[in-house]
Amino acid sequence: MTARPDPFVALMRRYVNDYTNRHDVSVCAEIMEPGYVLRMGPHEVAGRDDAYIPAAQRQFEQYPGLCLTVHSIVTDGRKLALRFSEHGRRARDGQVAVWTGIGLYRWNGRRLETNFVEQDYLSRRRQLSSGNPSPVDPPAPAPWDTEAEPANPTAESLVRHWIASGGAVQPQDSPAAVRFDDGAAGPALLTDVTSRIDELFSAGEHVAFRITATGAYAGGLGPDGGEAALGTPATLHLVGLVSVEGGRIGGWIVRDRLGLARGLAQPAAAGS
């Protein structure tokens with residue numbers, strides 16, 4: 001006897017297959033509330049029809065063959081974390097790129113209400129510039145069979161402590177089992193870090209979170225950041241999906257490195 005699919009996971013199947021991969025924005029009215037809000041980096045896209053759908057259409061125009069590949073899904077039944085890659089060929093020059101992302105969705109039992117998401121747009125920009133696209137990570141073998149799991153306060157407490165210690169922001173302070181961005185994140189981007197948790201939930205051994213970190217720019221972006229910006233006050237947003245096994249943390253974190261680079265460039269432009 002086949003188990004009934006989890007209703008939130010079933011909705012996300014429509015989100016991925018019917019809306020995103022078919023580029024059919026008419027589906028949005030069926031799976032998102034009118035007041036749907038997407039938060040990415042410092043940006044807030046509020047309103048399904050007037051803000052979100054036009055933004056999605058611009059993306060589909062830029063990448064006419066855009067695909068979304070699901071790598072993992074976890075949910076507690078009320079909130080859901082999706083780790084994915086988007087990939088496609090840019091229309092204006094034919095360059096191909098693959099970039100990773102993590103989204104944290106909340107629904108009301110009928111439609112999506114919010115999404116905290118980060119995508120590694122800095123990696124995308126570098127791939128488009130170099131002409132060397134990254135490979136796509138393997139897809140989840142059975143993403144639409146994912147079942148909801150109960151919250152795990154012990155895992156949440158451990159991850160909150162790890163975040164407070166700076167491990168979720170600084171690669172060198174994190175276990176090797178945590179992968180940042182495209183896997184070539186390099187050194188820490190900030191020093192004197194203070195982290196604010198904007199969202200955090202657990203499902204079994206999995207913990208998903210969104211952080212706003214502030215500190216001083218420590219380098220690590222190479223030519224995308226600029227040595228003149230060292231020591232400049234900076235803000236970095238990131239989303240993570242980790243698991244806790246035997247007290248050890250492993251998983252994935254995607255940071256808004258491109259947003260950080262643009263933020264650092266603005267003061268320099270204003271002073272020039």
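The coordinates are above.
Below is a summary of the structure that appears in this document. Values in this document were obtained by computation on a predicted structure and should not be read as measured data. Along every chain, residues carry numbers that run from 1 in the direction the sequence is written. In keeping with the predicted nature of the model, local features appear solely for residues at pLDDT of at least 70, side-chain atom pairs appear and are counted solely at 80 or more, and the whole-chain, interface and lining totals rest on all residues. Side-chain numbers here rest on the full set of heavy atoms in the structure, without hydrogens or water.

1. Some remarks on the overall build of the chain
Right, on to step 1. Regarding its fold elements, the chain presents six helices and 11 strands.
Right, on to step 2. Each radius of gyration is computed over the set of C-alpha atoms, and the globule rule expresses the reference value as 2.2 Å times the number of residues to the power 0.38. In terms of overall size, the chain behaves like a compact globule, its C-alpha atoms giving a radius of gyration of 18 Å where 272 residues would be expected to give roughly 19 Å.
Right, on to step 3. Principal-axis analysis of the C-alpha atoms places the extent of the chain at approximately 60 × 50 × 35 Å.
Right, on to step 4. Burial classes: relative accessible area under 20% of the type maximum marks a residue as buried, over 50% as exposed, and values in between as partly exposed (1.4 Å probe, protein chains only). Looking at the 272 residues of the chain, the share that counts as buried comes to 51%.
Right, on to step 5. Restricting the contact set of the chain to residue pairs at least 6 apart, pairs at least 24 apart contribute 62%. Each helix is a run of H or I in the DSSP string that is no shorter than four residues. Each strand is a run of E no shorter than two, and both are numbered from the N terminus. The criterion used for residue contact is that any of the two residues' heavy atoms lie within 4.5 Å.

2. Observations regarding the nonpolar core
Right, on to step 1. To form a nonpolar core, buried Ala, Val, Leu, Ile, Met, Phe, Trp, Tyr and Cys residues must be joined to one another through side-chain atoms within 4.5 Å. Membership of the largest hydrophobic core comes to 66 residues, with the highest contact counts inside it found for Y19 and F209.
Right, on to step 2. The element that contributes the greatest number of residues to this core is helix α1 (residues 7-20), accounting for seven residues.
Right, on to step 3. Discounting chain neighbours no more than four positions away, the residues touching F209 are L104, V159, W162, I163, A168, E199, L200, L238, V239, G240, V242 and I253.
Right, on to step 4. V74, F201, A208 and V239 belong to the second-largest nonpolar core, a separate cluster that totals 10 residues.

3. Describing the packing of aromatic side chains
One pair of aromatic rings is described through two measures. These are the centre distance and the angle between the planes.
Right, on to step 1. Here a pair means two rings of Phe, Tyr or Trp (six-membered ring of Trp) with centres within 6.5 Å. Their orientation is stacked below 30 degrees between planes, edge-to-face above 60, and tilted elsewhere. Following the criterion strictly, the structure yields eight aromatic pairs and no others.
Right, on to step 2. Their ring planes at 85° and their centres at 5.2 Å tell us that Y36 and Y52 sit as a pair that is edge-to-face. Within this pair, whereas Y36 is found in strand β1 (residues 32-40), its partner Y52 is found in helix α3 (residues 48-62), the two being separated by 16 residues in sequence.
Right, on to step 3. Look at Y36 and you get buried, because its relative accessible area is 0%.
Right, on to step 4. When its relative accessible area of 7% is taken as the criterion, Y52 is described as buried.

4. Let's talk about the packing of α1 against α3
Right, on to step 1. All axes here are fitted lines through C-alpha atoms, helices being fitted over the stretch that makes contact, and every angle between N-to-C directions spans 0 to 180 degrees. Where α1 meets α3, the axes come as close as 13 Å, and the angle between the chain directions of the two elements is 55°. Between α1 and α3, the crossing angle belongs to the class labelled oblique. Contact with α1, carried on its side by Y15, Y19 and T20, involves Y52, A56 and F60 of α3 and no other residues of that element.
Right, on to step 2. The classification used treats Ala, Val, Leu, Ile, Met, Phe, Trp, Tyr, Cys and Pro as nonpolar, Asp, Glu, Lys and Arg as charged, and all other residues, Gly among them, as polar. The class makeup of the residues in the contact of α1 with α3 is five nonpolar, one polar and no charged. For classification purposes, angles smaller than 35 degrees are called roughly parallel, those larger than 145 roughly antiparallel, those between 65 and 115 roughly perpendicular, and all remaining angles oblique.

5. Details of the pattern of salt bridges
Right, on to step 1. Salt-bridge detection follows one rule: a side-chain nitrogen of Lys or Arg within 4 Å of a carboxyl oxygen of Asp or Glu. Applying the stated criterion across every chain yields a total of 18 salt bridges.
Right, on to step 2. Between R257 and D182 there is a salt bridge, with the nearest N and O atoms lying 3.7 Å from each other. With R257 in helix α6 (residues 257-271) and D182 in the loop between β7 (178-180) and β8 (190-203), this pair connects stretches of sequence that are 75 residues apart.
Right, on to step 3. When salt bridges that share partners are traced, they join D120, D181, D182, R255 and R257 into one network.

6. What about α3?
Right, on to step 1. The end-to-end C-alpha distance of α3 is 20 Å, a good match for the 21 Å that 15 residues give at a rise of 1.5 Å each.
Right, on to step 2. Along α3, the positions that sit buried rather than exposed are R48, Y52, I53, A56, Q59 and F60. Mapping the buried residues of α3 onto a view down its axis gives an arc of 115°, with all of them on the same face. In this structure, α3 carries D50 and E61 as exposed residues pointing more than 90 degrees from its buried face. The span one expects for a helix is its residue count, reduced by one, times 1.5 Å. For this quantity, the arc is that covered by the directions from the helix axis to the C-beta atoms.

7. Some details on the pairing of strand β5 (residues 96-107)
Right, on to step 1. With 10 of 12 residues buried, β5 is to be regarded as a mostly interior element.
Right, on to step 2. Here strand β4 (residues 79-89) folds back onto β5 in antiparallel fashion, the turn holding six residues, of which G94 has a positive phi close to 80°.
Right, on to step 3. Two strands pair when backbone bridges link them, and β5 and strand β6 (residues 112-119) are joined in this way by seven bridges, in the antiparallel orientation. Within β6, the position partnered with G103 by the bridge is V117.
Right, on to step 4. Strands pair, by our definition, only if DSSP identifies at least two bridges between them. Linking β5 to β6, which pair antiparallel, is a turn of four residues; within it G109 sits at a positive phi near 95°.

8. What to know about the environment of G41
Right, on to step 1. Mapped onto the elements of the fold, G41 is located in the loop between β1 and β2 (43-46).
Right, on to step 2. Residue G41 is classed as buried on the basis of its relative accessible area of 3%.
Right, on to step 3. Separated by 49 residues in the primary sequence, G41 and R90 have C-alpha atoms spaced 22 Å apart.
Right, on to step 4. Sequence-distant contacts of G41, that is, excluding residues within four places in its chain, are made with V117, E118, R210, H237 and D256.

9. Describing the sheet that holds β7
Right, on to step 1. Within the open sheet, the five strands sit side by side as β7-β11-β10-β9-β8. Their pairing is mixed. The open sheet has two edge strands, β7 and β8, and neither has a second partner. Ignoring strand direction, the axes of neighbouring strands in this sheet form an average angle of 20°.
Right, on to step 2. By the bridge criterion, three bridges tie β7 to strand β11 (residues 248-255) in an arrangement that is parallel. Each bridged residue has a counterpart across the sheet, and for R179 the counterpart in β11 is W252.
Right, on to step 3. Helix α5 (residues 153-164) rests against β7, β8, β9 (206-217), β10 (233-245) and β11 of the sheet, and its axis sits at about 165° to β8.

None of this, on its own, says anything about what the molecule does.
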